[in-house]
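Now for the letters of each chain:
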Amino acid sequence: MISADQIREHMEVIAVDGSHVGTVDHLEGQSRIKLTKTGAPDGKHHLIPLDWVDHIDKHVHLSKSITDVHSQWTSMN
């Protein structure tokens, strides 16, 4: 089970295929990670659910491919 308190600002988020997804801005509530807009392909913040997190070490590792993440994340301004 993933504990949200393991996730810190500026941690890199990595897709299951090893692709860089983004960088943690902060937790949005108890169930989503908000990514920084810096480095995002569209220059916007994106939200990803904690349910997508497979494991955490010095990075946040997701259980989805970069293609799935980009098609399913929530965009914000």
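Scroll up a little and you will see the structure.
Residues numbered from 1 in each chain as written. Predicted model: local features only at pLDDT ≥ 70, side-chain atom pairs only at ≥ 80, totals over all residues. Heavy atoms only, no water.

Novice: Mind showing me how you'd approach the overall build of the chain here?
Specialist: On a plain count of helices and strands, the chain comes out with one helix and seven strands. Shown N-terminal to C-terminal, the secondary structure of the chain runs as helices and strands in the order β-β-β-β-β-β-α-β. Here the C-alpha radius of gyration of the chain, 11 Å, is about what a compact globule of 77 residues would show, namely 11 Å. Principal axes of the C-alpha set define a box for the chain whose edges measure 30 × 25 × 20 Å. Out of the 77 residues in the chain, the part that is buried amounts to 40%. At a minimum sequence separation of 6, the contacts of the chain that also span at least 24 residues come to 42%. Here the chain displays about 4500 Å² of accessible surface, and carbon together with sulfur accounts for 46% of that area. Across the chain, the centroid of the 7 positively charged side chains sits 6 Å from that of the 11 negatively charged ones. (Helix = DSSP H or I, 4+ residues; strand = E, 2+ residues; numbered from the N terminus. Rg over C-alpha atoms; globule rule 2.2 N^0.38 Å. Buried < 20%, exposed > 50% of the residue type's maximum accessible area, 1.4 Å probe, protein only. Contact = heavy atoms within 4.5 Å. Areas by Shrake-Rupley, 256 points an atom, 1.4 Å probe, with all protein chains shown as cover. Lys, Arg positive; Asp, Glu negative; His and termini not counted. Charge placed at Lys NZ, Arg CZ, Asp CG, Glu CD.)

Novice: When you look at the nonpolar core in this model, what are you seeing that I'm missing?
Specialist: Judged by nonpolar contacts, the single largest core of 19 residues is most densely connected at Val13, Val21, Ile33, Ile48, Val60 and Leu62. If you list the elements that add at least two residues to this core, you get β2 (20-28), β3 (32-35), β5 (53-56), β6 (60-62) and α1 (66-72). Leaving out residues up to four positions away in the same chain, isoleucine 33 has contacts with Ile7, Val24, His26, Leu27, His46, Leu47, Ile48, Leu50, Val53 and Val60. (Core = buried A, V, L, I, M, F, W, Y, C linked by side-chain atoms within 4.5 Å.)

Novice: Help me understand unusual backbone geometry in this model?
Specialist: Comment: phi is negative for the bulk of residues other than glycine, and the bulk of peptide bonds are trans. Located in the positive-phi region is histidine 10, a residue other than glycine, with phi close to 75°. Assignment of secondary structure puts histidine 10 in the segment before β1 (12-14). The class of histidine 10 is exposed, set by a relative accessible area of 62%.

Novice: Quick question: what am I supposed to make of the sheet that holds β1 here?
Specialist: Whether parallel or antiparallel, the strands of a sheet pair through hydrogen bonds between backbone atoms. Taking strand neighbours across the sheet as the criterion, the seven strands line up as β5-β6-β1-β2-β3-β4-β7 in an open arrangement whose pairing is mixed. Two strands lie at the open edges of the sheet, namely β5 and β7 (74-76), each paired on one side alone. Ignoring which end each strand starts from, the neighbouring axes of this sheet average 35° apart. The pairing of β1 with β2 spans three bridges and is antiparallel. Pairing of isoleucine 14 across the sheet is with histidine 20, part of β2. (Pairing = 2+ DSSP bridges. Axes fitted to C-alpha atoms, helices over the stretch in contact; angles between N-to-C directions.)

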